[in-house]
Amino acid sequence: MTPSIGAVVSDIDLCKQLTSTQCSEILALLVEHHVLFFENQPVTPHQHRDLAANFGALHVHPVYPHVSDVAEIIILDTSVDNPPDNDSWHTDVPFIESPPMGCLLSARELPPSGGDTMWTSCAAAYDALDDEYKSLIENLTAEHDIAKAFPESRYGKTPEAQAQLAAARQKNPPMIHPVVRTHPVSGKRGIYVNDNFTTRIIELGPDKGAEVLQFLTSHVARPEFRVRWEWKQYDLAFWDNRLTQHFAFADYLPHRRVMHRATILGDKPFR
Ligand code: OGA
Ligand code: MN
């Protein structure tokens, strides 16, 4: 779709069990293009889970609600009663030791217009830095905190929600990862700090750390590194969560938008 990111994959039925050749072809395309779009794939939650399971073990989210009998499928059901909060650049679940390698997002119910999603290539963003900046951030590490993205004001409104959030925080203490990570398959390097979850850079003082974080999080969002997708019902996006970030437009209220997500675990980020 652009030189940096995005490809549309056609002539495949994701409701059927994939062959191992199809799985490896999809993985190769994912590594090359960072985000893949498959149109008209009306997967059931069980099919969605089984599809994702071809690519690795699945994560069960500690806060988001899930489909009633499929714990691995998150429901993102946003409306006036539950306004969207994914309208900031982020990678999914960076607060665990081995964050997801990828996510599969299925559009279930869409507003009449709006509700697009953008992805950005953190590899293209890294490549565009000058050598001096690359060496400045080379050996830094940063902290990622579930509490920053899931604040109590939003996710702890009832006593039950508050207890669930407290348990999620306790089970997921702040996690430290390299600021620049290397993709385990392509060997490409990319920026691995984001607006939603990253709280501080460990090796820098608060002022310099905040300045570097601010620079990197706005740099990854530059228009030339990104692609934007206008959803149709049953489109399915598969992104490489290691070297991308995404941003969901929150421009559709008072209409409702429902998405389902499967989250595939990956490996521990390394420099
Ligand atoms: C997600 C997410 C984007 C969207 O599923 O992780 O941020 O467009 N969703 O709903
Ligand atoms: Mn997300």
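In case you missed it, the structure is sitting above this.
Residues numbered from 1 in each chain as written. Chains lettered and ligands numbered in written order. Predicted model: local features only at pLDDT ≥ 70, side-chain atom pairs only at ≥ 80, totals over all residues. Heavy atoms only, no water.

Attention now goes to the site of ligand 1. Neighbouring ligand 1 are Leu76, Asn86, His90, Asp92, Leu105, Thr117, Trp239, His246, Ala248, Arg257, Met259 and Arg261. With respect to ligand 1, the side chain of His90 contributes an N or O atom lying 3.1 Å from an oxygen atom. Between ligand 1 and Arg261 there is a distance of 2.6 Å, counted from an oxygen atom to a side-chain nitrogen or oxygen. Here ligand 1 loses 99% of its free accessible area of 280 Å² to cover by the protein chains. When contributions to the shell around ligand 1 are tallied by element, the ones reaching two or more residues are β14 (244–248) and β15 (257–265). (Near = heavy atom within 4 Å. Polar contact = N/O pair within 3.5 Å; in protein donor to acceptor, adjacent residues only side chain to side chain. Areas by Shrake-Rupley, 256 points an atom, 1.4 Å probe, with all protein chains shown as cover. Helix = DSSP H or I, 4+ residues; strand = E, 2+ residues; numbered from the N terminus.)

On to the pattern of salt bridges. In total, this model carries 15 salt bridges according to the counting rule given. Residue Asp85 is joined to Arg154 by a salt bridge in which the shortest nitrogen-to-oxygen separation is 3.7 Å. With Asp85 in the loop between β4 (70–78) and β5 (100–109) and Arg154 in helix α6 (residues 152–155), the pair connects residues that are 69 residues apart, well separated along the chain. Where Arg228 meets Asp116, a salt bridge forms, and the shortest distance between an N and an O atom there is 2.8 Å. With Arg228 in strand β12 (residues 226–229) and Asp116 in the loop between β5 and β6 (117–121), the pair connects residues that are 112 residues apart, well separated along the chain. Overall, Arg228 belongs to the partly exposed group, its relative accessible area being 44%. (Salt bridge = Lys/Arg side-chain N within 4 Å of Asp/Glu carboxyl O. Buried < 20%, exposed > 50% of the residue type's maximum accessible area, 1.4 Å probe, protein only.)

The next thing to look at is the coordination of the manganese ion (ligand 2). Coordination of the manganese ion (ligand 2) by the protein is provided by His90 (NE2), Asp92 (OD) and His246 (NE2), with metal-donor distances spanning 2.1 to 2.2 Å. Ordering the donors of the manganese ion (ligand 2) by residue number gives the pattern H-x1-D-x153-H. Each member of the pair, His90 as well as Asp92, is classed as buried. (Donors = N, O, S within 2.8 Å, 3.2 Å for Na, K, Ca; no water.)

Attention now moves to the environment of His59. Looking at where His59 falls in the secondary structure, it is placed in the loop between α2 (45–53) and β3 (66–67). Sequence separation between His59 and Pro83 is 24 residues; the distance between their C-alpha atoms is 24 Å. For His59, the contacting residues outside a window of four places in its chain are Glu72, Val93, Ile96, Thr263 and Leu265. (Contact = heavy atoms within 4.5 Å.)

Turning our eyes to something else, we now look at the pairing of β15. Counting buried positions over the 9 residues of β15 gives 8, a clear majority of the element. Where β4 lies against β15, 6 bridges are found, and the strand directions are antiparallel. Paired with Thr78 across the strands is Arg257, a residue of β15. Pairing of β5 with β15 involves 8 bridges; the strand directions are antiparallel. If you follow Gly102 over to β15, its bridge partner there is Ile264. (Pairing = 2+ DSSP bridges.)

Glycine aside, negative phi is the norm for most residues, and most peptide bonds take the trans geometry. The linkage connecting Leu253 with the following residue, Pro254, adopts the cis geometry, with an omega of 10°. As for its position among the elements, Pro254 is in the loop between β14 and β15. With a phi close to 55°, Val93 is a non-glycine residue in the positive phi region. In this structure, Val93 sits in the loop between β4 and β5.

Purely spatial values, then, with no claim about function.
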